[in-house]
Structure formats: structure tokens, C-alpha cells
Amino acid sequence: MPLSLPGYASDWLERSLDRQVRLAVTGLSRAGKTAFLTSLVNQLRHAGLDARLDMMSCTREGRLLGAQRQTQPDLSVPRFPYDGALAALEGTPPEWPPATRGISELRLLIRYKSRTNSRHFLGEQRTLTLDLIDYPGEWLLDLPMLRQSYQQWCEALGAQLTGRRRRFAESFLNRVSELDPAATADEQELADISAEYARSLNRARNEGGYTWVQPGRFLLPGELDGAPVLQFFPWPLEQLGDPARLAELPADSNYQTLARRFEHYKRTVIGPFYRQHFRRFDRQIVLVDVLSALNAGPDVFDDLRHAIATLMQSFDYGSRSLLSRLFNPRIDRLAIAATKADHVTPEQHDNLLSLVQALMSEPLRDLRYADVPVKSLSLAAIRATQARTVEQDGKRHPALKGTTESGEEVLMFPGEVPPRLPDAEFWQRQGFEFTAFRPAPQGSGEALPHIRMDSALDWLLGDKLR
């Protein structure tokens, strides 16, 4: 009879035996993180039935028995709304799961047969515990702020306010230009300017398509809405003058008040989020919506490239030993995934893969240096379209059939995806048009259709399911 252990002691034993994996599903807002988590649970729940997981070796060998959801370890954190996500996908008309607005967790127990068929004390059937976390992609943007002072943060964001992006912040910049750093802080004035800064971030994201918008909590404040901890903003350096003078300003001055709120935000909002959720991962998949950025233009594409490269510095990578697994977990295997592969025709998937590798060339070099195994792939966690061919002028051409978010059924060719970072010529002709599709109608209780979810699962978990 198996021993009954308290939750934390049981987790400790599972980790010491390498039978527990904490998976970081890392994606910025709209990259498809909630869809990925929903599909991951769905595919494993349907393993051995109607799920198409041919690229998983344990499935091909008939060893994957399935998975069950369990109560998450931290009872103060909501459970990932898997049932609600499925209900949205199976609705009439089908809809994408609601955007994530807070933290949630999910624990899966994956049952499989050992490849060795050994009869030692563990038995032939084994269980792998998989812990997942969902969170707003906006909050992820704040992690790099932990390494910055208020003045460094102001300098970094000020350098980005150029060109088209600056237009979204004009009203905010006009307000802050009238503020004296040395004047005694007026609480209402700082609150009003902070609100204007938050509106500029929302415009940059929703109208401009930009990814790098900080602080992320300004976009999704939750229970912090209206709290002074969210009432600060970056100050253009040209308006601040000599840094030595700023350090001597009184504590109740505008500058010192904002700097103090910035540090409080790091200490009480970002720090706990990072410590509780981002320092304990074993494996990671980074979801990148490169197609939307490609459609939005060169400045948005470069903005995504900068955001991803900067965020990757917030995670610990490297090989693991038993001690590091227990006391100092590191990410020892990584997948880079270009999402929404179903939004381009199949012959464009190789180009999509090459493009996301080029986009992430800088962090990939660092990972190779750390000897961390990395796999790049293109995927659709929940396939929304069907590949078709159409005849025109006696020739057959690839196309996609699907339903747009406005409800229109279309048969179209979105265009070619460049296999490398786009040059000026590509942006001038802009031969690619991204169309957002509704999910395809789903049969109740059926496995969700996907593209290469099985490849991602095999890479992230296959070595643990032997």
C-alpha cells in the first residue's frame, strides 16, 4: 500500500525521484497561452482515445494511459478554468476562451507504463505530476523591472518613445512636461498623470499592436486599481536634469515620490509574483505570435523582438542535479513555438519556423552557451482552419478555409511568410495579411484539433515518460 504523505512532503519525494515537472508556459498577451494550456490538458485527457499524438513516443508505443486533473498545491490560488474554456470552444458559435485576468494553477497526474517493464518497487505503471500556471501575459512584462532603478527605467522607456509609438503618448508627455520634479507632490495630480500614462499604454497595445508596454499591471490592475502603488510613470530624462540634484530632492517631491512608488511596486507586486511562480520552473515553452507582429509593421515587429529577448533574461537556465531540483530549480529544456500556424497555409510552416528562430537569435545563442537543449517549432494549439487548394488559370494554389471573427466564411491565401527577418523591401510590398479566425465547431467531448501539439509535448515531457 502506498504511503500517505502531506502535500509538501509528497511533492518533495516526487521531485527527489524526478517524477514532478513544473512547466512554464511563457507568452505575452494574445500569444495563445490559455488556448495552449486548454489544448495540453485536453490532449492528455484524450490520450489513447481520439487524441492525435503520433509524435509522442509513449503514445506510439501504447504506454500513455491518460491524465487526471488534481487539486492544485496552493489552495489560495484559483484553479485553471479548463471547463469554462471548453464550454466556450464548444459553444454555438464557438468562441476562444476568455482572456486571462489573474493567476490560476492546474495539476495533472499523467499515468503511463514504464518502457523497461521492470518489476521493482515503483511498479510497471508510473505517474508523472505536471504543474502548470496561467497568468496575464501583461504581468510578465514587469519582470525585467526588478533589475532596474527608477532612473534606469525612465531612460529605457524614454528611448522607445519615438516615431508612431510616440503619438500614442503625446497627451501623457504634454502633462508630464508641466510637472516640476522638485515641487511638493500633489497626490491627485500624480494620479491623473498616471491614469493618462495607462491610457497611452492601452492605445499603444490596442491600436498600435505594440507588445512592450510597462508596467503590465497598468493594463490589467485587478485589485490594485486606484491604489497609489500604480500611480507612477516614467519621466523623460531631458526634463529631469542633473542626477546628483535629483538624489538631494526632499522625500515629498514629485521625483522622490515617484521613485519610491516604483521601488514599492517592485518589492510588493513584481517580487512576490516572481518568487512564487517564476523561480521554480523545470521546463519552459515560449509562445510567440510572430504573425500578428508581421502584419502590424516593422516597428511593432522590432518591439516584439526586443520584448522577447529582454524577458528571456528573467529565467534561470542550466543543467540540473538532484540538489538543484530540490533547492534551486533551473529550466533544463526549452521549446520555442511560433503560434497560430493554422493562420498560414502548410507550405509556409517552414518559413514560419525559420522566422521565429531569427527573431529569437540572441536568446538562442545564450541558451546554447548554457548548454540548454532547445527545440523550435510552429504549432496551433487549437486548429481553427482547414488547408485547401484552389484552381486558378489552370494552376493549383494553397488556401485556408475558415470563419473570421466577424462570422464570415472565407477561402483565402494570407500570403508568404519571410524565412528571415524582414528587410525594407518586404515592408514596402507587405505581401502578408493576417486574418483572425474563430475556432472551428467542436464536437462535445471530442479531442481538440491541433497542429504539432504532440511534438511540443514529446519534447517537453517525453524523456520523463520512459
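Because the structure is a prediction, the values reported are computed rather than measured.

A short note on the environment of valine 288
As for its position among the elements, valine 288 is in strand S5 (residues 283-288). On the basis of relative accessibility, which here comes to 1%, the residue valine 288 falls in the buried class. A C-alpha to C-alpha distance of 9.4 Å links valine 288 and serine 378, two positions 90 residues apart in sequence. If near-sequence neighbours (up to four positions away) are discounted, valine 288 is found in contact with Leu304, Ile308, Ala337, Ala338, Thr339, Val356, Leu359 and Met360.

Regarding the nonpolar core
In this structure, Tyr150, Trp153, Phe233, Phe278, Val288 and Val290 are the most contacted members of the largest nonpolar core, which totals 88 residues. At nine residues, helix H11 (residues 254-277) tops the list of elements feeding residues into this core. Each of two domains, domain 1 (18-139 + 280-383 + 441-464) and domain 2 (145-275), supplies a minimum of three residues to this core. If we ignore the near neighbours within four places in the chain, the residues touching phenylalanine 233 are Tyr150, Trp153, Phe172, Val176, Leu179, Leu190, Ile193, Ser194, Tyr197 and Leu258. Counting 45 residues, the second largest nonpolar core, distinct from the first, contains Leu106, Leu128, Ala337 and Trp459.

Focus on the pairing of strand S6 (residues 333-338)
Extensive coverage of S6 is indicated by the burial of six of its six residues. Side-chain alternation along S6 places Arg333, Ala335 and Ala337 on one buried face and Leu334, Ile336 and Ala338 on a second face that is also buried. Here S5 pairs with S6 via six bridges, running parallel. Residue pairing across strands places glutamine 284 opposite leucine 334, the latter belonging to S6. In the sheet, S6 pairs with strand S7 (residues 374-378) via five bridges, with the strands oriented parallel.

Details of the domain arrangement of the chain
The assigned domain composition of the chain is domain 1 (18-139 + 280-383 + 441-464) and domain 2 (145-275). Distance between the C-alpha centres of domain 1 and domain 2: 33 Å. Taken together, the 23 residues of domain 1 in the interface contact 18 residues of domain 2. Taken together, the two surfaces of domain 1 and domain 2 that pack against each other cover about 1700 Å², and 54% of this comes from carbon and sulfur. Together, Glu138, Trp139 and Asp303 form the three largest contributors to the area buried by domain 1 at its contact with domain 2, with a combined 35%. Applying the counting criterion to the domain 1 and domain 2 interface returns three salt bridges. The salt bridge partner of aspartate 299 is arginine 164, with a shortest N-O separation of 3.2 Å. Linking domain 1 with domain 2 are 11 residue pairs in polar contact (both at pLDDT 80 or more). Those elements giving two or more residues to the side of domain 1 that touches domain 2 turn out to be helix H5 (137-140) and helix H13 (298-311). With eight residues, the single largest contributor to the side of domain 1 that touches domain 2 is H13. The residue makeup of the side of domain 1 that touches domain 2, split by class, is 10 nonpolar, six polar and seven charged.

About the criteria used
Residues numbered from 1 in each chain as written. Predicted model: local features only at pLDDT ≥ 70, side-chain atom pairs only at ≥ 80, totals over all residues. Heavy atoms only, no water. Helix = DSSP H or I, 4+ residues; strand = E, 2+ residues; numbered from the N terminus. Buried < 20%, exposed > 50% of the residue type's maximum accessible area, 1.4 Å probe, protein only. Contact = heavy atoms within 4.5 Å. Core = buried A, V, L, I, M, F, W, Y, C linked by side-chain atoms within 4.5 Å. Domains from an automatic or database assignment. Pairing = 2+ DSSP bridges. Buried area = accessible area lost by both parts, 1.4 Å probe. Salt bridge = Lys/Arg side-chain N within 4 Å of Asp/Glu carboxyl O. Polar contact = N/O pair within 3.5 Å; in protein donor to acceptor, adjacent residues only side chain to side chain. Nonpolar A, V, L, I, M, F, W, Y, C, P; charged D, E, K, R; others polar.

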